[in-house]
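Breakdown of the fold
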Amino acid sequence: MKPAMETAAEENAEQSQEKKGCFECCIKCLGGVPYASLVATILCFSGVALFCGCGHVALTGTVSILEQHFSTTASDHALLSEVIQLMQYVIYGIASFFFLYGIILLAEGFYTTSAVKELHGEFKTTACGRCISGMFVFLTYVLGVAWLGVFGFSAVPVFMFYNIWSTCEVIKSFQSNVTVPGDQICVDIRQYGIIPWNAVPGKACGPILENICNTNEFYMSYHLFIVACAGAGATVIALLIYMMATTYNYAVLKFKSREDCCTKF
């Protein structure tokens, strides 16, 4: 029989080896996490949620402001109301699509990272897998360019509301100046092209415009459009991170799939 001290030493050695093996396994698993894709997914979900949620509410508030103060006849802004309603339905589709696309890209990031780092044995990949990775690279580039346009488009209502808000600030600063009456300072929404030129009244001046700026609809819509624009910018950044991650993984997979990759490097 073995002495008690030798048995205890063997047990301690086995426990330390098990702990070491568990630690190495954890490090190996953490090495397979696509951190770039993970950060991009979180940023993409946050940006799309801000853009869709805030944009939807801001569009509703914009219609309410137009109907109450700039276009009292329903036929004058009927087309605009239909377009805004269509945009709200498009927002639902964008939110659903990017929720699924973000999950798919994250899963593809796990697959390519594990394959590149050879975490599960010898490097193995198929032509179908490389083709799917290439398809995600192309699709992400297309979506990135499209979201640049969405980001630019989302800045338009921010610009319009900023012009109205700055005009209201000018009216407030001129209230103490008798030589420059505030009634002569106006904002004509018709010049932006969102309602026709025959819309009545089409513009607001002086105290009426100041009252519009003090309404909750204007305050909420203005700030929600700013947040929606920021969300679109965050989505663009997320797609840029996706582009870099997917392009790098695809390039490494393409290179390592060649039989002479070691001699060509």
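Residues numbered from 1 in each chain as written. Predicted model: local features only at pLDDT ≥ 70, side-chain atom pairs only at ≥ 80, totals over all residues. Heavy atoms only, no water.

1. Quick word on the overall build of the protein chain
What the protein chain contains, in helices and strands, is seven helices and two strands. Tracing the protein chain from N to C terminus, the helices and strands come up as α-α-α-α-β-β-α-α-α. The proportion of buried residues among the 265 residues of the protein chain is 37%. Here the analysis covers contacts within the protein chain between residues at least 6 apart in sequence; of these, 80% occur between residues at least 24 apart. (Helix = DSSP H or I, 4+ residues; strand = E, 2+ residues; numbered from the N terminus. Buried < 20%, exposed > 50% of the residue type's maximum accessible area, 1.4 Å probe, protein only. Contact = heavy atoms within 4.5 Å.)

2. Structural notes on the UniProt feature "transmembrane region" (unreviewed entry) in the protein chain
In the numbering adopted here, UniProt assigns the feature "transmembrane region" (unreviewed entry) to residues 38–66, 86–111, 132–156 and 224–248. Measuring from the first to the last C-alpha atom of residues 38–66 gives 42 Å, for a span that is 100% helix and 0% strand. Note that residues 132–156 is 100% helix and 0% strand, and that its end C-alpha atoms are spaced 37 Å apart. (UniProt positions renumbered as here; feature names shortened; annotations may be inferred.)

3. A word on the nonpolar core
In this structure, F70, F98, W147, I164, I189 and L209 are the most contacted members of the largest nonpolar core, which totals 47 residues. At the level of elements, α2 (35–70), α3 (78–117), α4 (127–173), α5 (206–213) and α6 (216–256) are the ones that each hand at least two residues to this core. Once residues within four sequence positions are removed from consideration, F98 is found in contact with C44, F45, V48, L143, W147 and L239. (Core = buried A, V, L, I, M, F, W, Y, C linked by side-chain atoms within 4.5 Å.)

4. Concerning the packing of aromatic side chains
The tally for this structure, following the rule as stated, stands at 13 aromatic pairs. With a centroid separation of 5.3 Å and 35° between ring planes, the pair formed by F161 and F218 is classed as tilted. Taken as a pair, F161 in helix α4 and F218 in helix α6 lie far apart in primary sequence, 57 residues in all. Pair check on accessibility: F161 and F218 agree, each one buried. Taken together, a centroid distance of 6.3 Å and an interplanar angle of 10° make the contact between F161 and Y222 stacked. With F161 in helix α4 and Y222 in helix α6, this pair connects stretches of sequence that are 61 residues apart. By relative accessible area, which is 7% here, F161 ends up buried. (Phe/Tyr/Trp six-rings, centres within 6.5 Å; stacked < 30°, edge-to-face > 60°.)

5. Observations regarding the environment of A78
Along the chain, A78 falls in helix α3. Separated by 117 residues in the primary sequence, A78 and I195 have C-alpha atoms spaced 9.2 Å apart.

6. Some thoughts on unusual backbone geometry
Going from V200 to P201, the amide bond is cis rather than trans, its omega being 0°. Structurally, P201 can be placed in the loop between β1 (186–188) and β2 (203–205).

7. Topic: the state of the cysteines
Under the counting rule described, the total for this entry stands at two disulfides. Between the sulfur of C168 and that of C213 lies a disulfide, 1.8 Å long from S to S. Judged by the torsion about the S-S bond (60°), the C168/C213 disulfide is right-handed. With C168 in helix α4 and C213 in helix α5, this pair connects stretches of sequence that are 45 residues apart. According to the relative accessible area criterion, C213 is buried, its value standing at 12%. A disulfide bridge connects C186 with C205, and the sulfur atoms are separated by 1.8 Å. Between C186 and C205, the S-S dihedral sits near 105°, and the bridge is therefore right-handed. Here the residue C186 occupies a position in strand β1, and C205 occupies one in strand β2, the gap between them amounting to 19 residues. Among the residues examined, C186 registers a relative accessible area of 32% and is labelled partly exposed. (Disulfide = S-S within 2.5 Å.)

8. Topic: the pattern of salt bridges
Tallied over the entire structure, the rule returns two salt bridges. Residue K172 is joined to E169 by a salt bridge in which the shortest nitrogen-to-oxygen separation is 3.8 Å. Residue K172 and its partner E169 are located together in helix α4, separated by three residues, close to a single helical turn. Take E169: its relative accessible area is 33%, and that puts it in the partly exposed class. Its salt-bridge partner being R190, residue D188 comes within 2.9 Å of it at the nearest N-O pair. (Salt bridge = Lys/Arg side-chain N within 4 Å of Asp/Glu carboxyl O.)

9. Points about the confidence of the model for the protein chain
Taken over all residues, the pLDDT of the protein chain has a mean of 79, while the share at 70 or more is 75%. The lowest-confidence element of the protein chain is helix α7 (residues 261–264), averaging 40 in pLDDT; the highest-confidence one is α2, averaging 90. For the stretch residues 260–265, pLDDT sits under 50, and the model shows four contacts to residues farther than four places along the chain or on other chains. (pLDDT = per-residue confidence, 0-100.)

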